[in-house]
Amino acid sequence: MMNMKKRILAAALCGMLLCACGKKKEESSSEMQYIKTAVLYDTITDMYENPDQYLNKTYHMVGTLYPSKDDDGNVLYSIYAQQPGSDHGIGVELDWSDFSGFSDYDKVTVEGKLEQEHGQYQGEKIDYLVLRVSLLEKRE
């Protein structure tokens, strides 16, 4: 009888631990994801190819503050990475209210949540990625 109670208690504890591990894993998806500079180009490329794996997660990246213009002539900024050994690059648009104090092509640290937007580019409907910035700092 005592062995049976120990087995039941052990099974209950094991079940609680498994539930706790499941919760922990679920919470970790909202934790900051640090993307190393060496893999930033490949990671951003994969974000566009497999957005569902990346959307609604929070990221920390270091890259270039890259300017571009939308169809209306407004300046947009992206966190940008260049493909190693190439002049080709890719970026994620930054949603941030004030870029004063920054210059085009500054090296920056950015943190934010990745989301997807729908819009038009050169007359065509597109889906694009936007990083909702919570931190933007110039690096020296």
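Residues numbered from 1 in each chain as written. Predicted model: local features only at pLDDT ≥ 70, side-chain atom pairs only at ≥ 80, totals over all residues. Heavy atoms only, no water.

*Asks:* Give me the overall build of the chain: which residues, what numbers.
*Replies:* Along the chain, the regular secondary structure elements total 2 helices and 6 strands. Starting at the N terminus, the α and β elements of the chain follow one another as α-β-α-β-β-β-β-β. Within the span of the chain, comprising 140 residues, buried residues form 29% of the whole. Sequence-distant contacts, at least 24 apart, represent 57% of the contacts inside the chain between residues at least 6 apart. Total accessible area on the chain is roughly 9800 Å²; 50% of this is exposed by carbon and sulfur atoms. (Helix = DSSP H or I, 4+ residues; strand = E, 2+ residues; numbered from the N terminus. Buried < 20%, exposed > 50% of the residue type's maximum accessible area, 1.4 Å probe, protein only. Contact = heavy atoms within 4.5 Å. Areas by Shrake-Rupley, 256 points an atom, 1.4 Å probe, with all protein chains shown as cover.)

*Asks:* Describe the nonpolar core, with residues and values.
*Replies:* Buried together is how nonpolar side chains tend to be arranged in soluble globular proteins. Membership of the largest hydrophobic core comes to 25 residues, with the highest contact counts inside it found for Met-47, Met-61, Val-92, Leu-94, Val-110, Leu-114 and Leu-136. Breaking this core down by element, the ones donating at least two residues are α2 (40-49), β2 (58-69), β3 (75-82), β4 (89-95), β5 (107-121) and β6 (124-138). The residues touching Met-47, leaving out its near neighbours within four places in the chain, are Ile-35, Tyr-54, Tyr-59, Met-61, Val-92, Leu-114 and Leu-129. (Core = buried A, V, L, I, M, F, W, Y, C linked by side-chain atoms within 4.5 Å.)

*Asks:* Just give me the short version of the packing of aromatic side chains, but keep the residues and values in it.
*Replies:* One pass over the full model with this rule turns up 4 aromatic pairs. Ring geometry for Tyr-66 versus Tyr-105: centroids 5.7 Å apart, planes at 80°, classification edge-to-face. Taken together, the residues span a long stretch of sequence, with Tyr-66 in strand β2 and Tyr-105 in the loop between β4 and β5 at a distance of 39 residues. Pairwise contacts between aromatic rings join Tyr-66, Tyr-80 and Tyr-105 into one cluster. (Phe/Tyr/Trp six-rings, centres within 6.5 Å; stacked < 30°, edge-to-face > 60°.)

*Asks:* Can you break down the side chain of Thr-43 residue by residue, with the values?
*Replies:* Mapped onto the secondary structure, Thr-43 falls in helix α2. The contact partners of Thr-43, leaving out residues within four places of it in the chain, are Ile-35 and Tyr-54.

*Asks:* Got a sec to walk through the environment of Leu-136? Specific residues and values, please.
*Replies:* Within the element layout of this structure, Leu-136 appears in strand β6. Classification of Leu-136 as buried rests on a relative accessible area of 9%. Put simply, Leu-136 and His-60 are 76 residues apart on the chain and 9.9 Å apart in space, counted from C-alpha to C-alpha. What Leu-136 contacts, discounting residues up to four positions off in sequence, is Leu-94, Trp-96, Phe-99, Phe-102, Val-108, Thr-109 and Val-110.

*Asks:* Help me get a handle on the confidence of the model for the chain, residues and values and all.
*Replies:* Per-chain confidence: the chain averages 83 in pLDDT, with 79% of residues scoring 70 or above. Segment residues 1-28: pLDDT under 50, and 1 contact once partners within four positions in sequence are set aside and those in other chains are kept. (pLDDT = per-residue confidence, 0-100.)

*Asks:* Could you give an account of α2, naming the residues involved and the relevant values?
*Replies:* By the burial criterion, the buried members of α2 are Leu-40, Tyr-41, Thr-43, Ile-44, Thr-45 and Met-47. Buried residues in α2 make contact with β2, β3, β4, β5 and β6.

*Asks:* How would you sum up the side chain of Glu-111? Please name residues and give values.
*Replies:* Considering the arrangement of structural elements, one finds Glu-111 in strand β5. Of the side chains with opposite charge, Arg-139 comes closest to the buried, unpaired Glu-111, at an N-O distance of 9.2 Å. Among the polar contacts made by the side chain of Glu-111, one reaches the side chain of His-60 at a distance of 2.7 Å. Setting aside chain neighbours within four positions, we find Glu-111 in contact with Met-32, Tyr-59, His-60, Leu-131, Arg-132, Val-133, Ser-134 and Leu-135. (Lys, Arg positive; Asp, Glu negative; His and termini not counted. Salt bridge = Lys/Arg side-chain N within 4 Å of Asp/Glu carboxyl O. Polar contact = N/O pair within 3.5 Å; in protein donor to acceptor, adjacent residues only side chain to side chain.)

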